[in-house]
Amino acid sequence: ILVLLTSHLSELVRWESLQAESIMVAKMSLFFFALCFGLAQIRRDPQAFYRRWIWLFSIGFALLATNMSLGALGFGFEQYEAGSLSIGTKGFFFAGNELSALMLVLAGPLLWKTWQSSRWFFAGLGAMLWLMAAFSATKVALGGSFLLVLGIPILHGGFQRLSFQKAWGTLAISTVLLGLG
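Residues numbered from 1 in each chain as written. Predicted model: local features only at pLDDT ≥ 70, side-chain atom pairs only at ≥ 80, totals over all residues. Heavy atoms only, no water.

Here we take up the nonpolar core. Among the nonpolar cores identified, the biggest contains 23 residues, and Phe61, Met103, Leu111, Leu129, Met132 and Leu148 are the most heavily contacted of them. Looking at this core element by element, the count peaks at 8 residues for helix α4 (residues 96-117). (Core = buried A, V, L, I, M, F, W, Y, C linked by side-chain atoms within 4.5 Å. Buried < 20%, exposed > 50% of the residue type's maximum accessible area, 1.4 Å probe, protein only. Helix = DSSP H or I, 4+ residues; strand = E, 2+ residues; numbered from the N terminus.)

Model confidence for the protein is summarised by a mean pLDDT of 75, while 69% of its residues fall at 70 or above. When mean pLDDT is taken per element in the protein, helix α5 (residues 119-136) scores highest with 88 and helix α1 (residues 2-12) scores lowest with 49. Below a pLDDT of 50 lies the segment residues 1-7, which in the model reaches 0 contacts outside its immediate sequence neighbourhood of four places, other chains included. (pLDDT = per-residue confidence, 0-100. Contact = heavy atoms within 4.5 Å.)

For any two aromatic rings, the description comes down to two numbers: the centre-to-centre distance and the angle of the planes. Taken as a whole and assessed by the stated rule, the structure comprises 3 aromatic pairs. Arranged with centres 5.8 Å apart and planes meeting at 35°, the rings of Tyr50 and Trp53 form a pair that is tilted. On the criterion of helical spacing, the pair formed by Tyr50 and Trp53 is a turn pair, its members being 3 residues apart in helix α3 (residues 46-72). Accessibility expressed as a relative area gives 26% for Tyr50, which makes it partly exposed. Consider the rings of Trp115 and Phe122, whose centres lie 4.9 Å apart with planes at 75°: the pair is edge-to-face. Taken individually, Trp115 and Phe122 each receive the classification buried, so the pair is uniform in this respect. Among the aromatic residues, those joined into a cluster by ring pairs are Tyr50, Trp53 and Phe57. Looking at Arg119, its charged tip hangs above the ring of Trp115, at a distance of 4.0 Å from the centre. (Phe/Tyr/Trp six-rings, centres within 6.5 Å; stacked < 30°, edge-to-face > 60°. Lys NZ or Arg CZ within 6 Å of the ring centre and 35° of its normal.)

Let us now look at the environment of Gln41. Within the element layout of this structure, Gln41 appears in helix α2 (residues 15-44). Gln41 gets classed as buried once you look at its relative accessible area, which sits at 9%.

Right, let's get into the packing of α5 against helix α6 (residues 139-156). Contact geometry of α5 with α6 gives a least axis separation of 8 Å together with a crossing angle of 165°. Between α5 and α6, the angle is such that the two are roughly antiparallel. Helix-helix and strand crossings are classified by hand; for α5 and α6 the assignment is left-handed. Contact residues: Phe122, Gly126, Leu129, Trp130, Ala133, Ala134 and Ser136 in α5; Ala141, Leu142, Ser145, Phe146, Leu148, Val149, Ile152 and Pro153 in α6. (Axes fitted to C-alpha atoms, helices over the stretch in contact; angles between N-to-C directions. Parallel < 35°, antiparallel > 145°, perpendicular 65-115°, else oblique. Left-handed = near helix turned anticlockwise from the far one by under 90°.)

Bringing a nonpolar patch on the surface into the picture now. On the surface, Phe31, Leu35, Leu39 and Ile42 cluster together into a nonpolar patch covering about 380 Å² of accessible area. Since its relative accessible area comes to 43%, Leu35 is described here as partly exposed. (Patch = residues over 30% accessible without salt bridge, like charges linked within 9 Å, V, L, I, M, F, W, Y side chains within 5 Å. Areas by Shrake-Rupley, 256 points an atom, 1.4 Å probe, with all protein chains shown as cover. Salt bridge = Lys/Arg side-chain N within 4 Å of Asp/Glu carboxyl O.)

On the secondary structure map, Ser145 appears in helix α6. Overall, the relative accessible area of 0% leaves Ser145 in the buried class. Only 2.8 Å separates the side chain of Ser145 from the backbone oxygen of Ala141, close enough to count as a polar contact. The contact partners of Ser145, leaving out residues within four places of it in the chain, are Leu104, Leu129, Trp130, Ala133 and Val140. (Polar contact = N/O pair within 3.5 Å; in protein donor to acceptor, adjacent residues only side chain to side chain.)

Next up, the structure:
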């Protein structure tokens, strides 16, 4: 009877879907526990948590930049394919648009932090972000990187020496050029 039950049970339950669902539950539980651990760390030592957070974003951005660099060298997958023409790269990731969003999420706090500490490093990181956005060739990456690199100095008041007309003129010309690209 037990053999008959297990054979019928295996037909009713697809082990592949059960395994995939179990993995998904484990991933979501891991995210929840990481969130709870992070909240506990913030309450205990906010400065140490902030340093770890920036370090984690730096490692993620470095991995993403390495992946995009390998893609630019011809390894990995193209972002878009139109017949024999390939546009952009996404390296070894499958989801290109999500990769663009991840790039912006990782770059935002890093740009914010580098603007506060070193303008030269901010310029280098901003140029690297624009280059990565050009490699990915998605509107999200191009527009988002444009807004981050120009928006963070504006939010910090970094263009105070520029006149109002020059600042808006530069922003308007940059927007038109981005739209043409």
